[in-house]
Amino acid sequence: MNGTSVGCTGWAIAEGYIPNQSHGPEPQMTSHETACLLNTSSSEARVKITLFFSDREPVGPYEVRVPPRRTRHLRFNELEEPEPVPRDTDYASLIESDVPIVVQHTRLDSRQSELALLSTMAFPVES
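Here we summarise the structure given alongside this text. (Residues numbered from 1 in each chain as written. Predicted model: local features only at pLDDT ≥ 70, side-chain atom pairs only at ≥ 80, totals over all residues. Heavy atoms only, no water.)

**Quick notes on the overall build of the protein chain**
- Scanning the protein chain from N- to C-terminus turns up zero helices and eight strands.
- For the protein chain, the sequential pattern of α-helices and β-strands runs β-β-β-β-β-β-β-β.
- When each of the 127 residues of the protein chain is scored for burial, the buried share is 40%.
- Within the protein chain, contacts between residues at least 6 apart in sequence are counted, and of these 71% link residues at least 24 apart. (Helix = DSSP H or I, 4+ residues; strand = E, 2+ residues; numbered from the N terminus. Buried < 20%, exposed > 50% of the residue type's maximum accessible area, 1.4 Å probe, protein only. Contact = heavy atoms within 4.5 Å.)

Structure, rendered in structure tokens:
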């Protein structure tokens, strides 16, 4: 499987929310949303992320790169351009790549000491 691409070029995460509060040491316990991006190909993945909201127009694209045969754990909290991802706001995301990748979604909600961690596969979208 060396150099073989796995995954899809489009992924959707229908659920997103970054709490404005956290409990515990930073940055490890900061509440966050993460997209874990896996690129098994021999080419760099150029990834674009568009955010969708219930009460306003979409924002994006946010642009990131994943080197060949690497993974990148991208915290949505750290996305700044074209604008920071809002806290305490429901959103969804569409992730598009120029090479097939695999996307997994993870959230850490540490608003209280009894934290919640969830992880699920994003929904693959065929382009």
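**Section: the packing of aromatic side chains**
- Summed over all chains, the structure comprises two aromatic pairs.
- Judged by centre distance (6.4 Å) and plane angle (50 degrees), the rings of phenylalanine 53 and tyrosine 91 are tilted. With a gap of 38 residues between them, phenylalanine 53 in the loop between strand S3 (45-52) and strand S4 (59-66) and tyrosine 91 in strand S6 (residues 91-109) connect regions that are remote in the sequence.
- A relative accessible area of 6% means that tyrosine 91 is categorised as buried.
- A cation sits over an aromatic face here: arginine 56 above phenylalanine 53, 4.1 Å from the ring centre. (Phe/Tyr/Trp six-rings, centres within 6.5 Å; stacked < 30°, edge-to-face > 60°. Lys NZ or Arg CZ within 6 Å of the ring centre and 35° of its normal.)

**As for the pattern of salt bridges**
- For the structure shown, the criterion picks out three salt bridges.
- For the salt bridge of arginine 65 with glutamate 44, the shortest nitrogen-to-oxygen distance reads 2.9 Å. With arginine 65 in strand S4 and glutamate 44 in the loop between strand S2 (32-39) and S3, this pair connects stretches of sequence that are 21 residues apart.
- Across the pair arginine 46 and aspartate 98 runs a salt bridge, and its minimum N-O distance is 2.9 Å. Here the residue arginine 46 occupies a position in strand S3, and aspartate 98 occupies one in strand S6, the gap between them amounting to 52 residues.
- When its relative accessible area of 37% is taken as the criterion, aspartate 98 is described as partly exposed. (Salt bridge = Lys/Arg side-chain N within 4 Å of Asp/Glu carboxyl O.)

**Considering unusual backbone geometry**
- The omega torsion of the bond from glycine 60 to proline 61 falls at 5 degrees, within 30 degrees of zero and hence cis.
- Mapped onto the elements, proline 61 comes out in strand S4.
- In this model, glutamate 81 is joined to proline 82 through a cis peptide bond whose omega is 20 degrees.
- Mapped onto the secondary structure, proline 82 falls in the loop between strand S5 (70-75) and S6.
- A positive phi angle, close to 55 degrees, is found at arginine 69, a residue other than glycine.
- When you line up the elements, arginine 69 lands in the loop between S4 and S5.
- Not every positive phi belongs to a glycine, and aspartate 88 is a case in point at roughly 55 degrees.
- Tracing the backbone shows aspartate 88 in the loop between S5 and S6.

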